[in-house]
Amino acid sequence: MRAVEPEGDGVSAVGTAEAAEVRAPAWRGGFGRLWSAAVVSRFGDALRTAAMPLLATTLTDDPLLIASVTACGYLPWLLFGLLGGAVADRVDQRRAMWGVDLLRGVLMAAFAVAVALGHASVALLITLAFVLTTFQTLFDNAATALLPSLVPPGALGSANARLMTGQQIAGTFLAAPLVPVLLLGGASLPYAADAATYGVAALLIASLRAEPAVRPARKAGSTLRAEMAEGLRVLWHDRTLRGLCVATTLCNIGMGALIATLVLHVTGWLDAGDAGYALAVAGYGAGSVLGGLLARRLAERTGRIRAVLLAGTVQTGVLVALATVRELWVAVVCLAVFGLCGMVWNVNQTTLVQERSPAPALGRISAAFRTLAVAGAPLGALLGGAAAAGWGLNTPALVAAALFVPAVASLARLIN
């Protein structure tokens, strides 16, 4: 049962008894292959993202250059996110996804060869991060738009939860511990493995039998620019999606502040060392997995908006505790609860965008939502760094809590 009824022209609703009867997607057929592709790809991405900062530190000791590698993971979303959504609405999403994965696989294979031959450089790392994320803008928006064609409407929440939980397990508990083992065999192995996972994912997506979406004919003279503007306009005119987007953006500023300085919080303010930091990260991952398992059930009991509101409220309290209690075990528990609530938020946020968006514009609306939300993360990282330097290593968590308060307030206004 939804907390808020859809509003606005062309916004789809999931309210029929038939849709409500189907709560879980069937593994056979399209969804199982999409899930497998997403999990395999996430496994490879986690290998690369864990290995790349280590490689960067062997090439330079300049913190700004090292940070630039991470920053280039955000920049393409700000530059091309809306374009990726518009393209995703124009093309066969399945073909776009496997084509993008093939290109990314070729790029990663070439990068692995460069690392093996000793030709890696910081400039190459920055370029690779930028190009891969540029392709990601098309892939992610196409995947969001494709999923509703593979599962019944009533199973969207469960499908998103299973996708995100599988990716979390693959990235946190399978890939991350494997990176040190792969590095023993050579600095290029994590990147070669990532290239292989892109190839596997591309084959799985290419084998999908989903029918291309039936789209209304575009208006004569319609341009990508006009279509991108339409995605922003539809997002803004839907009261629920607008409020959710504002809340998510505020929270992402807070998340950027927290994540950018978490290692300093644990190793410095808590004096827990690298082992303590690893334990804190593992706690966050475990909580995220549990959140994926609970997200659908919570939404069924409360409605999606109330589930997101509850998650944000709990996260606000957790951030305050994280910033004020100087014990490692408290930090681990706080991060586990924070991860659980974050997964509840993400699953229901994605499902709401899919449920409330007109199918022909889903890619553009999803892109508009993502682009606005992602914009907050780099701003938050700078804010967190400044707060840690000026007022103490625990203050970024308080900054994050302060940003979550208006986010939760904006969500509360959506509930009648």
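About the thresholds
- Residues numbered from 1 in each chain as written.
- Predicted model: local features only at pLDDT ≥ 70, side-chain atom pairs only at ≥ 80, totals over all residues.
- Heavy atoms only, no water.
- Helix = DSSP H or I, 4+ residues; strand = E, 2+ residues; numbered from the N terminus.
- Expected span 1.5 Å × (residues − 1).
- Contact = heavy atoms within 4.5 Å.
- Axes fitted to C-alpha atoms, helices over the stretch in contact; angles between N-to-C directions.
- Parallel < 35°, antiparallel > 145°, perpendicular 65-115°, else oblique.
- Left-handed = near helix turned anticlockwise from the far one by under 90°.
- Nonpolar A, V, L, I, M, F, W, Y, C, P; charged D, E, K, R; others polar.
- Buried < 20%, exposed > 50% of the residue type's maximum accessible area, 1.4 Å probe, protein only.
- Arc of directions from axis to C-beta.

Caption draft 1: Summary view of helix α9 (residues 224-237). Between its first and last C-alpha, α9 extends 20 Å over 14 residues, near the 20 Å set by a 1.5 Å rise per residue. In this structure, the buried residues of α9 make contact with α4 (75-90), α10 (239-269) and α14 (362-374).

Caption draft 2: Highlighting the side chain of Asn-394. In this fold, Asn-394 is placed in the loop between α15 (376-391) and α16 (395-412). Apart from the residues lying within four places of it in its own chain, the contact partners of Asn-394 are His-265, Trp-269 and Ala-323.

Caption draft 3: Molecular detail of the packing of α10 against helix α13 (residues 328-356). In contact at an axis separation of 12 Å, α10 and α13 are set at 150° when each is read in the N-to-C sense. Comparing their axes, α13 and α10 come out roughly antiparallel. When you trace α10 past α13, the crossing you get is left-handed. On α13, the residues touching Thr-240, Leu-241, Leu-244, Ala-247, Thr-248, Cys-251, Met-255, Leu-258, Leu-262 and Val-266 of α10 are Leu-328, Leu-335, Phe-338, Trp-345, Gln-349, Leu-352, Val-353 and Arg-356. By residue class, the composition of the contact of α10 with α13 is 14 nonpolar, three polar and one charged.

Caption draft 4: Structural view of helix α8 (residues 189-206). Taking 1.5 Å as the rise per residue, α8 with 18 residues should run 26 Å; its terminal C-alpha atoms sit 26 Å apart, in good agreement. Listing the buried residues of α8 in full gives Pro-190, Tyr-191, Asp-194, Ala-195, Thr-197, Tyr-198, Ala-201, Ala-202 and Ile-205. Down the axis of α8, the sector holding all buried residues measures 160°, keeping them to one side. Next to the buried residues of α8 lie α2 (30-59), α5 (93-116), α6 (122-146) and α7 (156-184).

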